[in-house]
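Here are the chains, one letter per residue:
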Amino acid sequence: MKEDSPISLDARSLALFRIGLGVYLLYDIGSRLSLGPLDIAWYTSDEPTSFLARTDTPHGAPLHQFWFYRGSSQLQYTLFGITAVLAAMFAIGFFQTTPLQALTTKLPLFLLVVSYQNRNMLNHDGSDSFCRHLLFWSIFLPLADVWSIDRRLLSSSRPAHSVVVTRLACFALTTQILFMYWGTVLHRTLDRFDSIADWTHSQWMPPDLSAVHYVMNGCFARRHNALTEYLRQNATITRAMTASAMITEFFLPFLAWMGGKRRHWYGIVIASLHVGLLCTVRLPNWQWLGIVTQLVWIPTSLWGVPSETDLYKKTDGDSVSVLKTKTRPPPNPVSRFIQYFFFGYMIYNFMGMRGWIHQHDKGDIGEGVRLNQNWVMFSQVSESAENLYLTGTFTNGTEIDLWAYLSSKKDAVPHKYVLGDRETYIQDMSSRYPTARWERAFSDWARLEPRNRDRRMRHFGKALCRFIAHLQQIEFRYQYLLLQPPGSKHRYKQYPRRPDTVTAVLCDPVPSVDMPDISRL
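To keep things clear, this report deals only with the structure shown in the data block. On a predicted model such as this, the values are computed, not experimentally measured, just so you know.

## A word on the pairing of strand β7 (residues 471–483)
Logical step 1: Of the pairings in the sheet, the one linking strand β5 (residues 384–394) to β7 comprises 11 bridges and is antiparallel in character. The residue bridging T391 from the neighbouring strand is E475, located in β7.
Logical step 2: Pairing between β7 and strand β9 (residues 501–506): six bridges, direction antiparallel. Residue pairing in the sheet places F476 in a bridge with T503 of β9.

Dropping the structure here:
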(Lines give C-alpha, C1' and ligand atoms only; values in the text may rest on other atoms or scores of the structure.)
Protein backbone atom coordinates (compact mmCIF):
# COMPACT_ATOMS: atom_id res chain seq x y z
CA MET A 1 0.00 0.00 0.00
CA LYS A 2 1.49 3.31 -1.04
CA GLU A 3 1.95 6.06 1.50
CA ASP A 4 -0.62 8.86 1.77
CA SER A 5 -3.39 6.93 0.03
CA PRO A 6 -7.06 7.01 1.16
CA ILE A 7 -6.34 4.05 3.45
CA SER A 8 -3.01 5.35 4.82
CA LEU A 9 -2.29 8.29 7.10
CA ASP A 10 0.84 9.46 8.87
CA ALA A 11 1.04 8.80 12.62
CA ARG A 12 2.20 12.37 13.29
CA SER A 13 -0.67 13.82 11.29
CA LEU A 14 -3.03 11.66 13.36
CA ALA A 15 -1.32 12.88 16.53
CA LEU A 16 -1.89 16.51 15.51
CA PHE A 17 -5.49 15.61 14.72
CA ARG A 18 -5.84 14.02 18.18
CA ILE A 19 -4.49 17.12 19.89
CA GLY A 20 -6.68 19.43 17.83
CA LEU A 21 -9.83 17.36 18.37
CA GLY A 22 -9.17 17.08 22.10
CA VAL A 23 -8.65 20.83 22.44
CA TYR A 24 -11.79 21.41 20.37
CA LEU A 25 -13.81 19.23 22.75
CA LEU A 26 -12.55 21.22 25.74
CA TYR A 27 -13.49 24.43 23.91
CA ASP A 28 -16.92 23.02 23.09
CA ILE A 29 -17.59 22.08 26.72
CA GLY A 30 -16.38 25.48 27.91
CA SER A 31 -18.54 27.34 25.40
CA ARG A 32 -21.60 25.35 26.48
CA LEU A 33 -21.01 26.29 30.13
CA SER A 34 -19.67 29.85 29.74
CA LEU A 35 -22.72 31.36 31.47
CA GLY A 36 -22.64 28.91 34.37
CA PRO A 37 -26.11 28.09 35.78
CA LEU A 38 -27.80 29.87 32.85
CA ASP A 39 -26.21 27.42 30.42
CA ILE A 40 -26.70 24.36 32.63
CA ALA A 41 -30.44 25.17 32.70
CA TRP A 42 -30.64 24.06 29.04
CA TYR A 43 -29.52 20.55 30.04
CA THR A 44 -31.69 19.89 33.11
CA SER A 45 -35.32 18.81 33.39
CA ASP A 46 -36.08 18.24 37.08
CA GLU A 47 -35.66 21.76 38.44
CA PRO A 48 -37.75 24.97 38.47
CA THR A 49 -34.87 26.68 36.63
CA SER A 50 -34.85 24.16 33.74
CA PHE A 51 -35.35 25.95 30.42
CA LEU A 52 -36.77 22.82 28.75
CA ALA A 53 -39.69 20.72 29.92
CA ARG A 54 -39.12 17.03 30.57
CA THR A 55 -41.11 16.14 27.45
CA ASP A 56 -39.35 18.74 25.30
CA THR A 57 -37.09 16.27 23.47
CA PRO A 58 -37.22 14.47 20.09
CA HIS A 59 -35.78 11.31 21.68
CA GLY A 60 -38.57 8.89 22.51
CA ALA A 61 -36.71 5.56 22.33
CA PRO A 62 -35.99 4.00 25.77
CA LEU A 63 -32.27 3.77 24.96
CA HIS A 64 -32.11 7.50 24.16
CA GLN A 65 -34.20 8.47 27.18
CA PHE A 66 -31.59 6.80 29.38
CA TRP A 67 -28.53 7.86 27.35
CA PHE A 68 -29.66 11.48 27.02
CA TYR A 69 -31.28 11.84 30.43
CA ARG A 70 -31.09 15.43 31.72
CA GLY A 71 -32.03 15.35 35.39
CA SER A 72 -30.54 17.78 37.91
CA SER A 73 -27.87 20.46 37.59
CA GLN A 74 -25.58 18.46 39.92
CA LEU A 75 -25.76 15.52 37.54
CA GLN A 76 -24.99 17.76 34.57
CA TYR A 77 -21.95 19.33 36.23
CA THR A 78 -20.69 15.83 37.06
CA LEU A 79 -21.17 14.52 33.52
CA PHE A 80 -19.56 17.57 31.93
CA GLY A 81 -16.67 17.33 34.39
CA ILE A 82 -16.01 13.66 33.56
CA THR A 83 -16.22 14.44 29.85
CA ALA A 84 -13.72 17.28 30.20
CA VAL A 85 -11.24 15.00 32.02
CA LEU A 86 -11.54 12.34 29.31
CA ALA A 87 -11.17 15.01 26.58
CA ALA A 88 -7.98 16.27 28.25
CA MET A 89 -6.64 12.69 28.42
CA PHE A 90 -7.52 12.27 24.75
CA ALA A 91 -5.67 15.47 23.81
CA ILE A 92 -2.45 14.54 25.63
CA GLY A 93 -2.62 10.90 24.53
CA PHE A 94 -2.87 9.27 27.93
CA PHE A 95 -4.17 5.74 28.51
CA GLN A 96 -5.07 5.06 24.88
CA THR A 97 -2.46 2.70 23.45
CA THR A 98 -3.90 -0.77 24.07
CA PRO A 99 -7.38 -1.92 22.98
CA LEU A 100 -8.43 -2.22 26.64
CA GLN A 101 -7.29 1.34 27.34
CA ALA A 102 -9.22 2.59 24.32
CA LEU A 103 -12.36 0.89 25.67
CA THR A 104 -11.94 2.62 29.02
CA THR A 105 -11.13 6.12 27.72
CA LYS A 106 -12.01 6.75 24.07
CA LEU A 107 -15.29 4.80 24.03
CA PRO A 108 -16.67 6.51 27.19
CA LEU A 109 -15.58 9.86 25.74
CA PHE A 110 -17.58 9.17 22.58
CA LEU A 111 -20.65 8.10 24.58
CA LEU A 112 -20.49 11.13 26.88
CA VAL A 113 -19.98 13.61 24.03
CA VAL A 114 -22.95 12.15 22.14
CA SER A 115 -24.94 12.36 25.38
CA TYR A 116 -24.34 16.06 26.08
CA GLN A 117 -24.91 16.96 22.43
CA ASN A 118 -28.32 15.29 22.45
CA ARG A 119 -29.48 16.36 25.89
CA ASN A 120 -30.23 19.73 24.32
CA MET A 121 -31.14 19.39 20.66
CA LEU A 122 -32.23 23.03 20.38
CA ASN A 123 -28.67 24.30 20.10
CA HIS A 124 -27.47 21.24 18.16
CA ASP A 125 -26.08 21.68 14.64
CA GLY A 126 -24.18 19.76 11.98
CA SER A 127 -20.81 20.36 13.64
CA ASP A 128 -21.95 18.20 16.57
CA SER A 129 -22.89 15.36 14.23
CA PHE A 130 -19.55 15.65 12.40
CA CYS A 131 -17.70 15.62 15.71
CA ARG A 132 -19.45 12.37 16.66
CA HIS A 133 -18.27 10.67 13.48
CA LEU A 134 -14.69 11.82 13.97
CA LEU A 135 -14.68 10.60 17.57
CA PHE A 136 -16.18 7.25 16.62
CA TRP A 137 -13.46 6.42 14.11
CA SER A 138 -10.82 7.77 16.49
CA ILE A 139 -11.61 4.84 18.78
CA PHE A 140 -10.03 2.45 16.25
CA LEU A 141 -7.01 4.58 15.31
CA PRO A 142 -3.58 4.63 16.99
CA LEU A 143 -3.68 8.37 17.72
CA ALA A 144 -1.25 8.19 20.66
CA ASP A 145 1.67 6.49 18.90
CA VAL A 146 3.67 9.75 18.86
CA TRP A 147 3.66 13.02 20.77
CA SER A 148 1.72 11.57 23.67
CA ILE A 149 2.10 10.69 27.33
CA ASP A 150 1.66 7.01 26.44
CA ARG A 151 4.54 7.13 23.97
CA ARG A 152 6.78 8.81 26.52
CA LEU A 153 5.97 6.23 29.20
CA LEU A 154 6.46 3.28 26.84
CA SER A 155 9.48 4.53 24.85
CA SER A 156 11.99 2.64 26.97
CA SER A 157 10.12 -0.69 26.98
CA ARG A 158 8.46 -0.89 23.57
CA PRO A 159 9.84 -0.06 20.11
CA ALA A 160 7.99 2.53 18.06
CA HIS A 161 5.66 1.56 15.26
CA SER A 162 5.93 2.58 11.63
CA VAL A 163 5.04 6.21 10.94
CA VAL A 164 2.55 5.11 8.28
CA VAL A 165 -0.80 3.91 9.62
CA THR A 166 -2.62 1.64 7.16
CA ARG A 167 -5.95 0.23 8.27
CA LEU A 168 -9.66 0.35 7.54
CA ALA A 169 -10.29 3.04 10.18
CA CYS A 170 -8.05 5.44 8.20
CA PHE A 171 -10.12 4.79 5.09
CA ALA A 172 -13.34 5.29 7.07
CA LEU A 173 -12.12 8.56 8.62
CA THR A 174 -11.03 10.08 5.31
CA THR A 175 -14.21 8.86 3.57
CA GLN A 176 -16.36 10.38 6.31
CA ILE A 177 -14.63 13.74 5.84
CA LEU A 178 -15.29 13.47 2.10
CA PHE A 179 -18.95 12.52 2.68
CA MET A 180 -19.51 15.52 4.93
CA TYR A 181 -18.47 17.99 2.22
CA TRP A 182 -20.11 16.04 -0.59
CA GLY A 183 -23.30 15.66 1.44
CA THR A 184 -23.45 19.42 1.94
CA VAL A 185 -23.06 20.07 -1.80
CA LEU A 186 -25.56 17.38 -2.77
CA HIS A 187 -28.16 18.72 -0.35
CA ARG A 188 -27.93 22.09 -2.09
CA THR A 189 -28.42 20.55 -5.54
CA LEU A 190 -29.27 16.91 -6.28
CA ASP A 191 -31.21 16.24 -3.06
CA ARG A 192 -33.54 19.21 -3.57
CA PHE A 193 -34.17 19.09 -7.32
CA ASP A 194 -35.38 16.31 -9.60
CA SER A 195 -33.09 17.06 -12.53
CA ILE A 196 -29.84 18.84 -13.34
CA ALA A 197 -31.84 21.42 -15.29
CA ASP A 198 -33.63 22.37 -12.06
CA TRP A 199 -30.33 23.09 -10.32
CA THR A 200 -30.49 26.56 -11.83
CA HIS A 201 -33.12 27.36 -9.20
CA SER A 202 -30.61 26.79 -6.40
CA GLN A 203 -29.12 29.83 -4.69
CA TRP A 204 -25.75 28.06 -4.92
CA MET A 205 -25.74 27.55 -8.69
CA PRO A 206 -25.61 29.85 -11.74
CA PRO A 207 -27.21 32.10 -12.70
CA ASP A 208 -28.41 33.04 -9.21
CA LEU A 209 -25.34 32.45 -6.97
CA SER A 210 -27.00 34.51 -4.24
CA ALA A 211 -26.40 32.21 -1.23
CA VAL A 212 -23.45 34.10 0.26
CA HIS A 213 -25.28 37.40 -0.26
CA TYR A 214 -28.24 36.23 1.84
CA VAL A 215 -25.91 34.91 4.53
CA MET A 216 -24.18 38.30 4.69
CA ASN A 217 -27.50 40.15 4.52
CA GLY A 218 -29.32 38.07 7.10
CA CYS A 219 -29.52 38.04 10.86
CA PHE A 220 -28.77 34.45 11.84
CA ALA A 221 -25.09 33.92 12.75
CA ARG A 222 -24.01 36.97 10.75
CA ARG A 223 -21.10 38.82 12.35
CA HIS A 224 -21.38 42.61 12.38
CA ASN A 225 -18.02 43.94 11.17
CA ALA A 226 -16.48 45.91 8.31
CA LEU A 227 -15.86 42.78 6.22
CA THR A 228 -19.48 41.57 6.28
CA GLU A 229 -20.73 45.09 5.55
CA TYR A 230 -18.39 45.34 2.56
CA LEU A 231 -19.42 41.94 1.22
CA ARG A 232 -23.11 42.67 1.71
CA GLN A 233 -22.90 45.66 -0.62
CA ASN A 234 -20.87 43.93 -3.36
CA ALA A 235 -23.00 41.42 -5.25
CA THR A 236 -20.23 40.54 -7.71
CA ILE A 237 -17.91 39.44 -4.90
CA THR A 238 -20.58 37.42 -3.08
CA ARG A 239 -21.51 35.62 -6.32
CA ALA A 240 -17.85 34.74 -6.88
CA MET A 241 -17.60 33.54 -3.27
CA THR A 242 -20.69 31.35 -3.72
CA ALA A 243 -19.21 29.70 -6.80
CA SER A 244 -15.77 29.22 -5.23
CA ALA A 245 -17.33 27.68 -2.09
CA MET A 246 -19.16 25.08 -4.16
CA ILE A 247 -16.03 24.25 -6.16
CA THR A 248 -13.90 24.02 -3.01
CA GLU A 249 -16.34 21.82 -1.10
CA PHE A 250 -16.91 19.40 -3.97
CA PHE A 251 -13.51 18.96 -5.62
CA LEU A 252 -10.80 19.64 -3.02
CA PRO A 253 -11.91 17.11 -0.36
CA PHE A 254 -11.93 14.45 -3.09
CA LEU A 255 -8.44 15.40 -4.26
CA ALA A 256 -7.17 15.30 -0.66
CA TRP A 257 -8.90 11.95 -0.12
CA MET A 258 -7.19 10.50 -3.19
CA GLY A 259 -3.82 11.01 -1.54
CA GLY A 260 -0.43 11.94 -2.85
CA LYS A 261 2.36 14.21 -1.73
CA ARG A 262 0.35 17.36 -2.43
CA ARG A 263 -2.81 16.44 -0.54
CA HIS A 264 -1.99 18.94 2.26
CA TRP A 265 -2.30 21.84 -0.21
CA TYR A 266 -5.92 20.93 -0.80
CA GLY A 267 -6.39 20.82 2.97
CA ILE A 268 -4.88 24.28 3.32
CA VAL A 269 -7.36 25.73 0.80
CA ILE A 270 -10.28 24.04 2.61
CA ALA A 271 -9.00 25.37 5.94
CA SER A 272 -8.81 28.88 4.46
CA LEU A 273 -12.50 28.55 3.55
CA HIS A 274 -13.28 27.84 7.21
CA VAL A 275 -11.10 30.76 8.34
CA GLY A 276 -13.08 33.07 6.07
CA LEU A 277 -16.33 31.74 7.47
CA LEU A 278 -15.01 32.21 11.00
CA CYS A 279 -14.51 35.91 10.24
CA THR A 280 -17.97 36.42 8.74
CA VAL A 281 -20.43 34.06 10.43
CA ARG A 282 -20.96 33.23 14.08
CA LEU A 283 -20.72 29.44 13.78
CA PRO A 284 -17.38 28.88 15.51
CA ASN A 285 -17.81 25.16 16.15
CA TRP A 286 -18.18 24.35 12.45
CA GLN A 287 -15.13 26.36 11.51
CA TRP A 288 -12.76 25.19 14.25
CA LEU A 289 -13.72 21.58 13.62
CA GLY A 290 -13.27 22.03 9.86
CA ILE A 291 -9.78 23.44 10.40
CA VAL A 292 -8.77 20.63 12.79
CA THR A 293 -9.97 18.01 10.32
CA GLN A 294 -7.56 19.19 7.62
CA LEU A 295 -4.60 18.10 9.79
CA VAL A 296 -5.06 14.47 8.72
CA TRP A 297 -4.06 15.38 5.15
CA ILE A 298 -0.43 16.22 6.06
CA PRO A 299 1.54 13.58 4.10
CA THR A 300 4.53 11.55 5.26
CA SER A 301 6.74 13.22 2.65
CA LEU A 302 6.18 16.60 4.32
CA TRP A 303 7.39 15.26 7.66
CA GLY A 304 10.71 14.32 6.04
CA VAL A 305 10.92 10.66 7.06
CA PRO A 306 13.06 8.73 4.53
CA SER A 307 11.20 5.42 4.87
CA GLU A 308 8.58 3.68 6.93
CA THR A 309 11.16 1.44 8.62
CA ASP A 310 13.23 4.26 10.14
CA LEU A 311 11.50 6.57 12.57
CA TYR A 312 14.46 8.92 12.95
CA LYS A 313 18.20 9.13 12.62
CA LYS A 314 20.52 10.71 15.16
CA THR A 315 24.12 11.68 14.38
CA ASP A 316 26.64 11.57 17.26
CA GLY A 317 30.10 12.38 16.01
CA ASP A 318 30.99 9.86 13.32
CA SER A 319 28.41 7.31 14.41
CA VAL A 320 24.84 7.08 13.18
CA SER A 321 22.16 5.30 15.21
CA VAL A 322 18.92 4.21 13.58
CA LEU A 323 15.77 3.37 15.56
CA LYS A 324 14.03 0.49 13.84
CA THR A 325 10.26 0.26 13.97
CA LYS A 326 7.83 -2.62 14.06
CA THR A 327 4.62 -3.33 12.20
CA ARG A 328 1.37 -2.63 14.05
CA PRO A 329 -0.62 -5.68 15.06
CA PRO A 330 -3.95 -6.08 13.24
CA PRO A 331 -7.15 -5.24 15.14
CA ASN A 332 -8.88 -8.09 16.98
CA PRO A 333 -11.83 -9.82 15.28
CA VAL A 334 -14.48 -7.93 17.25
CA SER A 335 -12.94 -4.56 16.43
CA ARG A 336 -12.54 -5.57 12.79
CA PHE A 337 -16.20 -6.61 12.56
CA ILE A 338 -17.41 -3.32 14.10
CA GLN A 339 -15.24 -1.29 11.71
CA TYR A 340 -16.42 -3.16 8.62
CA PHE A 341 -20.06 -2.97 9.71
CA PHE A 342 -20.10 0.77 10.39
CA PHE A 343 -17.97 1.57 7.36
CA GLY A 344 -20.45 -0.32 5.18
CA TYR A 345 -23.35 1.32 6.99
CA MET A 346 -21.82 4.76 6.42
CA ILE A 347 -21.84 4.19 2.65
CA TYR A 348 -25.28 2.54 2.76
CA ASN A 349 -26.73 5.43 4.82
CA PHE A 350 -25.14 8.09 2.60
CA MET A 351 -26.66 6.52 -0.50
CA GLY A 352 -29.97 5.64 1.15
CA MET A 353 -30.63 9.17 2.38
CA ARG A 354 -30.32 10.36 -1.24
CA GLY A 355 -32.76 7.72 -2.49
CA TRP A 356 -30.08 5.97 -4.55
CA ILE A 357 -30.76 2.65 -2.78
CA HIS A 358 -33.54 1.37 -0.55
CA GLN A 359 -32.97 1.83 3.19
CA HIS A 360 -34.26 -1.38 4.74
CA ASP A 361 -33.82 -0.03 8.28
CA LYS A 362 -35.06 3.47 7.30
CA GLY A 363 -31.88 4.83 8.86
CA ASP A 364 -32.84 3.59 12.33
CA ILE A 365 -29.43 2.09 13.10
CA GLY A 366 -27.72 5.38 12.32
CA GLU A 367 -30.27 7.28 14.39
CA GLY A 368 -29.89 4.79 17.22
CA VAL A 369 -26.16 5.44 17.64
CA ARG A 370 -26.54 9.04 16.36
CA LEU A 371 -24.32 8.45 13.32
CA ASN A 372 -26.27 9.60 10.27
CA GLN A 373 -25.23 11.25 7.01
CA ASN A 374 -27.50 14.32 6.96
CA TRP A 375 -25.42 17.40 6.11
CA VAL A 376 -27.41 20.60 5.51
CA MET A 377 -25.10 23.54 6.28
CA PHE A 378 -26.75 26.55 4.58
CA SER A 379 -28.36 24.20 2.06
CA GLN A 380 -31.22 26.63 1.49
CA VAL A 381 -30.36 30.10 2.76
CA SER A 382 -33.44 31.86 4.06
CA GLU A 383 -34.48 35.08 2.34
CA SER A 384 -36.23 36.22 5.50
CA ALA A 385 -34.98 36.94 9.00
CA GLU A 386 -36.26 37.10 12.56
CA ASN A 387 -35.07 39.58 15.18
CA LEU A 388 -35.90 38.65 18.76
CA TYR A 389 -36.22 41.37 21.39
CA LEU A 390 -36.10 40.08 24.96
CA THR A 391 -37.32 42.77 27.35
CA GLY A 392 -37.44 42.49 31.13
CA THR A 393 -39.61 44.67 33.38
CA PHE A 394 -38.63 45.06 37.05
CA THR A 395 -41.00 45.67 39.91
CA ASN A 396 -40.09 49.36 39.90
CA GLY A 397 -41.22 49.67 36.27
CA THR A 398 -37.76 49.80 34.72
CA GLU A 399 -37.36 48.00 31.39
CA ILE A 400 -34.05 46.47 30.33
CA ASP A 401 -32.64 44.63 27.35
CA LEU A 402 -32.32 41.12 28.79
CA TRP A 403 -29.95 39.97 26.04
CA ALA A 404 -27.45 42.62 27.10
CA TYR A 405 -27.97 41.82 30.76
CA LEU A 406 -27.46 38.07 30.32
CA SER A 407 -24.35 38.66 28.21
CA SER A 408 -22.81 41.05 30.75
CA LYS A 409 -22.76 38.41 33.52
CA LYS A 410 -23.09 41.17 36.11
CA ASP A 411 -25.06 41.11 39.37
CA ALA A 412 -26.34 44.65 38.86
CA VAL A 413 -28.03 45.85 35.70
CA PRO A 414 -26.00 48.72 34.19
CA HIS A 415 -28.08 51.74 33.28
CA LYS A 416 -26.79 51.71 29.70
CA TYR A 417 -28.80 48.55 29.05
CA VAL A 418 -32.12 50.23 29.87
CA LEU A 419 -34.27 50.33 26.75
CA GLY A 420 -35.13 53.64 25.20
CA ASP A 421 -36.50 53.97 21.70
CA ARG A 422 -35.90 50.63 20.07
CA GLU A 423 -34.11 50.62 16.74
CA THR A 424 -36.35 50.05 13.77
CA TYR A 425 -34.12 47.24 12.52
CA ILE A 426 -31.25 45.94 14.62
CA GLN A 427 -28.09 45.56 12.53
CA ASP A 428 -26.07 43.31 14.86
CA MET A 429 -28.72 40.83 16.03
CA SER A 430 -26.40 37.83 16.20
CA SER A 431 -23.94 39.48 18.59
CA ARG A 432 -26.76 40.34 21.00
CA TYR A 433 -27.35 36.73 21.97
CA PRO A 434 -25.31 35.55 25.00
CA THR A 435 -23.70 32.75 22.94
CA ALA A 436 -23.95 31.32 19.44
CA ARG A 437 -25.81 28.28 20.77
CA TRP A 438 -28.49 30.48 22.38
CA GLU A 439 -28.99 32.11 18.99
CA ARG A 440 -29.39 28.69 17.40
CA ALA A 441 -32.08 27.72 19.90
CA PHE A 442 -34.20 30.85 19.50
CA SER A 443 -33.82 30.80 15.72
CA ASP A 444 -35.28 27.29 15.72
CA TRP A 445 -38.15 28.43 17.94
CA ALA A 446 -38.94 31.28 15.53
CA ARG A 447 -39.91 28.73 12.86
CA LEU A 448 -42.20 26.66 15.07
CA GLU A 449 -45.97 26.58 14.87
CA PRO A 450 -47.21 29.55 17.01
CA ARG A 451 -48.87 27.52 19.78
CA ASN A 452 -45.86 25.25 20.16
CA ARG A 453 -43.48 28.22 20.20
CA ASP A 454 -45.60 30.08 22.74
CA ARG A 455 -45.66 27.06 25.06
CA ARG A 456 -41.89 26.65 24.97
CA MET A 457 -41.25 30.35 25.51
CA ARG A 458 -43.54 30.48 28.51
CA HIS A 459 -41.71 27.56 30.10
CA PHE A 460 -38.35 29.20 29.33
CA GLY A 461 -39.55 32.58 30.65
CA LYS A 462 -40.80 31.12 33.96
CA ALA A 463 -37.41 29.48 34.49
CA LEU A 464 -35.47 32.62 33.53
CA CYS A 465 -37.48 34.65 36.06
CA ARG A 466 -35.89 32.57 38.82
CA PHE A 467 -32.41 33.71 37.83
CA ILE A 468 -33.11 37.45 38.14
CA ALA A 469 -34.59 38.89 41.32
CA HIS A 470 -37.22 41.64 41.26
CA LEU A 471 -38.16 40.75 37.68
CA GLN A 472 -41.87 41.17 37.10
CA GLN A 473 -42.34 40.32 33.43
CA ILE A 474 -40.46 39.05 30.37
CA GLU A 475 -41.56 39.94 26.84
CA PHE A 476 -40.51 37.95 23.79
CA ARG A 477 -41.01 39.92 20.56
CA TYR A 478 -40.17 38.38 17.18
CA GLN A 479 -39.79 40.88 14.35
CA TYR A 480 -40.06 39.32 10.87
CA LEU A 481 -38.08 40.85 8.00
CA LEU A 482 -37.53 40.18 4.31
CA LEU A 483 -33.95 40.28 3.06
CA GLN A 484 -33.30 42.49 0.08
CA PRO A 485 -31.88 40.84 -3.08
CA PRO A 486 -28.33 41.36 -4.36
CA GLY A 487 -27.69 44.91 -5.52
CA SER A 488 -30.06 46.51 -2.98
CA LYS A 489 -28.82 49.41 -0.89
CA HIS A 490 -30.55 48.30 2.32
CA ARG A 491 -30.36 44.97 4.15
CA TYR A 492 -34.02 44.24 4.78
CA LYS A 493 -37.53 45.57 4.95
CA GLN A 494 -40.43 44.67 7.20
CA TYR A 495 -42.23 41.46 6.30
CA PRO A 496 -45.45 42.34 4.41
CA ARG A 497 -48.65 41.51 6.30
CA ARG A 498 -46.78 39.72 9.08
CA PRO A 499 -46.81 41.70 12.34
CA ASP A 500 -44.53 41.10 15.30
CA THR A 501 -45.45 38.16 17.51
CA VAL A 502 -45.37 38.89 21.22
CA THR A 503 -45.32 36.49 24.17
CA ALA A 504 -45.46 38.01 27.66
CA VAL A 505 -44.57 35.95 30.74
CA LEU A 506 -45.42 37.12 34.26
CA CYS A 507 -42.83 36.12 36.85
CA ASP A 508 -43.85 34.33 40.03
CA PRO A 509 -42.77 36.05 43.29
CA VAL A 510 -40.10 33.52 44.25
CA PRO A 511 -36.47 33.82 45.44
CA SER A 512 -34.07 34.20 42.52
CA VAL A 513 -30.49 33.17 41.86
CA ASP A 514 -29.35 36.62 40.76
CA MET A 515 -29.88 39.68 42.98
CA PRO A 516 -29.40 42.95 41.08
CA ASP A 517 -29.70 46.19 43.03
CA ILE A 518 -32.77 47.77 41.41
CA SER A 519 -32.29 50.94 43.43
CA ARG A 520 -29.54 51.81 40.94
CA LEU A 521 -31.84 51.46 37.93
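## Considerations on helix α12 (residues 263–280)
Logical step 1: A rise of 1.5 Å per residue sets the reference length of α12, with its 18 residues, at 26 Å; its end C-alpha atoms lie 27 Å apart and thus fit the reference within 8%.
Logical step 2: Here α12 has its buried residues at R263, H264, G267, I270, A271, H274, L278 and T280.

## Some points on the pattern of salt bridges
Logical step 1: Considering all chains together, one arrives at 18 salt bridges under this definition.
Logical step 2: The shortest N-O distance in the salt bridge between R32 and D28 comes to 3.2 Å. Here the residue R32 and the residue D28 both occupy positions in helix α1 (residues 11–32), the gap between them amounting to four residues, near one helical turn. As far as burial versus exposure is concerned, R32 and D28 are alike and both buried.
Logical step 3: In this structure, D454 engages R458 in a salt bridge whose closest nitrogen and oxygen atoms are separated by 2.9 Å.

## Describing the nonpolar core
Logical step 1: Membership of the largest hydrophobic core comes to 120 residues, with the highest contact counts inside it found for L21, W42, F51, W137, L173, W438 and F442.
Logical step 2: Broken down by element, this core gets its largest block of residues, 12 residues, from helix α8 (residues 168–188).
Logical step 3: Residues within four places of W438 in sequence aside, it is in contact with L35, L38, D39, W42, F51, W403, L406, Y433 and F460.

## Re the environment of W297
Logical step 1: In this fold, W297 is placed in the loop between α13 (284–293) and α14 (300–303).
Logical step 2: A residue is classified by how much of its surface remains accessible, and W297, at 1% relative accessible area, is buried.
Logical step 3: In this structure the C-alpha to C-alpha distance between W297 and D10, which are 287 residues apart in sequence, comes to 8.5 Å.
Logical step 4: Ignoring any residue separated from it by four or fewer positions in sequence, one finds W297 in contact with T174, I177, A256, W257, R263, H264 and G267.
Logical step 5: A polar contact of 3.0 Å, which involves the side chain of W297, links it to the side chain of Q294.

## A short note on the environment of F140
Logical step 1: Examined against the element boundaries, F140 turns out to sit in the loop between α6 (126–138) and α7 (149–154).
Logical step 2: Separated by 37 residues in sequence, F140 and L103 have C-alpha atoms that sit 9.8 Å apart.
Logical step 3: Excluding residues within four positions of it along the chain, F140 makes contact with R167, A169, S335, I338 and Q339.

## Focus on the packing of aromatic side chains
Logical step 1: Scanning the entire structure with this criterion turns up 44 aromatic pairs.
Logical step 2: Measuring from ring centre to ring centre gives 5.3 Å for W147 and W303, while their planes differ by 65 degrees; the resulting arrangement is edge-to-face. Separated by 156 residues along the polypeptide, W147 in the loop between α6 and α7 and W303 in helix α14 bring together distant segments of the chain.
Logical step 3: A relative accessible area of 42% means that W147 is categorised as partly exposed.
Logical step 4: On the basis of relative accessibility, which here comes to 27%, the residue W303 falls in the partly exposed class.
Logical step 5: Across the ring face of F80, the terminal group of R119 is positioned such that the distance to the ring centre comes to 5.3 Å.
Logical step 6: The cationic tip of R188 hangs over the ring face of W204; the distance from NZ or CZ to the ring centre is 3.7 Å.

Reading guide: rules and limits
Residues numbered from 1 in each chain as written. Predicted model: local features only at pLDDT ≥ 70, side-chain atom pairs only at ≥ 80, totals over all residues. Heavy atoms only, no water. Pairing = 2+ DSSP bridges. Helix = DSSP H or I, 4+ residues; strand = E, 2+ residues; numbered from the N terminus. Expected span 1.5 Å × (residues − 1). Buried < 20%, exposed > 50% of the residue type's maximum accessible area, 1.4 Å probe, protein only. Salt bridge = Lys/Arg side-chain N within 4 Å of Asp/Glu carboxyl O. Core = buried A, V, L, I, M, F, W, Y, C linked by side-chain atoms within 4.5 Å. Contact = heavy atoms within 4.5 Å. Polar contact = N/O pair within 3.5 Å; in protein donor to acceptor, adjacent residues only side chain to side chain. Phe/Tyr/Trp six-rings, centres within 6.5 Å; stacked < 30°, edge-to-face > 60°. Lys NZ or Arg CZ within 6 Å of the ring centre and 35° of its normal.

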